[in-house]
Amino acid sequence: MKQTAFLQQETLQGLRGRWGMAGAVCLFQAGLWLLLLLMEQAFLTGAAFFEQKRVEFFGISVLPMRAAVGLFFALLSFLLLTPLNLGVQKWFYRMCAEPAPDLRVIFDYLRPRQYGKALWLRVQIWLRTLLAGVLLAVPPLALWQAQRLMGGPAAALPRAALLLLAVVLAAVGLLLTLAFRLRYAAAPYLLAADAGLSARAALRLSARSVSAGRLLAMLLGWLRFLPAALLIVPIFFLLPYFQFQFAAAWGVRLERPTMAYQLEGMGLDLPA
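Below is a short write-up of the structure. (Residues numbered from 1 in each chain as written. Predicted model: local features only at pLDDT ≥ 70, side-chain atom pairs only at ≥ 80, totals over all residues. Heavy atoms only, no water.)

### Re the environment of Ala 195
Then comes step 1: Turning to its location among the elements, Ala 195 is positioned in the loop between helix H6 (187–193) and helix H7 (199–209).
Then comes step 2: What makes Ala 195 partly exposed here is its relative accessible area of 40%.
Then comes step 3: Expressed as a C-alpha distance, the spacing of Ala 195 and Gln 114, which sit 81 residues apart in the sequence, is 8.2 Å.
Then comes step 4: When residues no more than four places from it in sequence are discounted, the contact partners of Ala 195 are Gln 114 and Lys 117. (Helix = DSSP H or I, 4+ residues; strand = E, 2+ residues; numbered from the N terminus. Buried < 20%, exposed > 50% of the residue type's maximum accessible area, 1.4 Å probe, protein only. Contact = heavy atoms within 4.5 Å.)

Below, the structure is given as structure tokens:
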């Protein structure tokens, strides 16, 4: 709790006089995502006027043109937003140590040598998290299927017990999947600190150095901001706060004295 309170205090101090610039960066990030979303919806609306015939794809009835538009924008969002999102994280990481970090840092991962690394980092995180989620989903799905196969009035109580157990295991699986995902939360900041680090090395180092429990506690502390986040305007004050606090949690290597966080307090054990 003391470390969390200290981190919150340092976040407010670090953003003092810089909320406008930090908010503008978050607005640019959110605006680009919204622009791609609006473009996708416009193309999907246009496709609906020219396409009426549905086809079966793995037992699912789909409109080919709409499916193609959705896949195209999903790929475009991945190829464009992934390096930019990592660039924003890098900019906030620099903000912890520099009074006015160069805005061009946001576009660092669009450079040829860094672009592939950014994409590969995101793909590895997705694949590892997906694999963990699938493995953890097997037990509750098996129990759910078992209770469906049980019939007769006498099986009502066992079915209810199996269903309850399946729900509990599913909830536990979701929490464990989230904790597994949080193990890689430091990877973008490790890349920001060392541009020569490979994506695989950053993931390995992050998994070894991050305390998912303490990081989850920090995220749960953000729940008190949820009512304000439901409004449009305040969220652009909250996004810089979240981004800066998350970046500051990995600022243990920074030279600025006020940001020299204790390794134990932040749940990190980064090698020298």
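### Quick notes on the packing of aromatic side chains
Then comes step 1: Applying the stated criterion across every chain yields a total of eight aromatic pairs.
Then comes step 2: For the pair Phe 72 and Phe 73, a centre-to-centre distance of 5.3 Å together with 85° between the ring planes defines the contact as edge-to-face.
Then comes step 3: Taking the centre distance of 5.3 Å and the plane angle of 40° together, the rings of Phe 78 and Trp 126 count as tilted. Linking Phe 78 in helix H3 (residues 64–95) with Trp 126 in helix H4 (residues 112–149), this pair joins segments that are 48 residues apart in sequence.
Then comes step 4: For Phe 78, a relative accessible area of 16% gives the class buried.
Then comes step 5: A connected cluster of aromatic rings, assembled from ring pairs, spans Phe 43, Phe 72 and Phe 73.
Then comes step 6: Here Lys 90 stacks its cationic end above the ring of Tyr 109, 5.5 Å away from the centre of that ring. (Phe/Tyr/Trp six-rings, centres within 6.5 Å; stacked < 30°, edge-to-face > 60°. Lys NZ or Arg CZ within 6 Å of the ring centre and 35° of its normal.)

### Remarks on empty space enclosed by the protein
Then comes step 1: For the coordinates displayed, the defined rule picks out two cavities of 30 Å³ or more.
Then comes step 2: Each pocket or cavity is described by its volume, and for the second largest cavity that value is around 40 Å³.
Then comes step 3: Lining the second largest cavity, in full, are Phe 28, Gln 29, Leu 32, Leu 81, Leu 84, Asn 85 and Val 88.
Then comes step 4: Put simply, the parts of the chain that give the lining of the second largest cavity at least two residues each are helix H2 (19–50) and H3.
Then comes step 5: Counting residues per element, the lining of the second largest cavity draws most heavily on H3, which supplies four residues.
Then comes step 6: Partitioned by chemical class, the residues of the lining of the second largest cavity number five nonpolar, two polar and no charged. (1 Å grid on protein atoms, 1.4 Å probe; cavity = no way out; pocket = protein on both sides within 12 Å on 5 of 7 lines; lining within 4 Å. Points joined across faces, edges and corners; volume = space filled by probe spheres on them. Nonpolar A, V, L, I, M, F, W, Y, C, P; charged D, E, K, R; others polar.)

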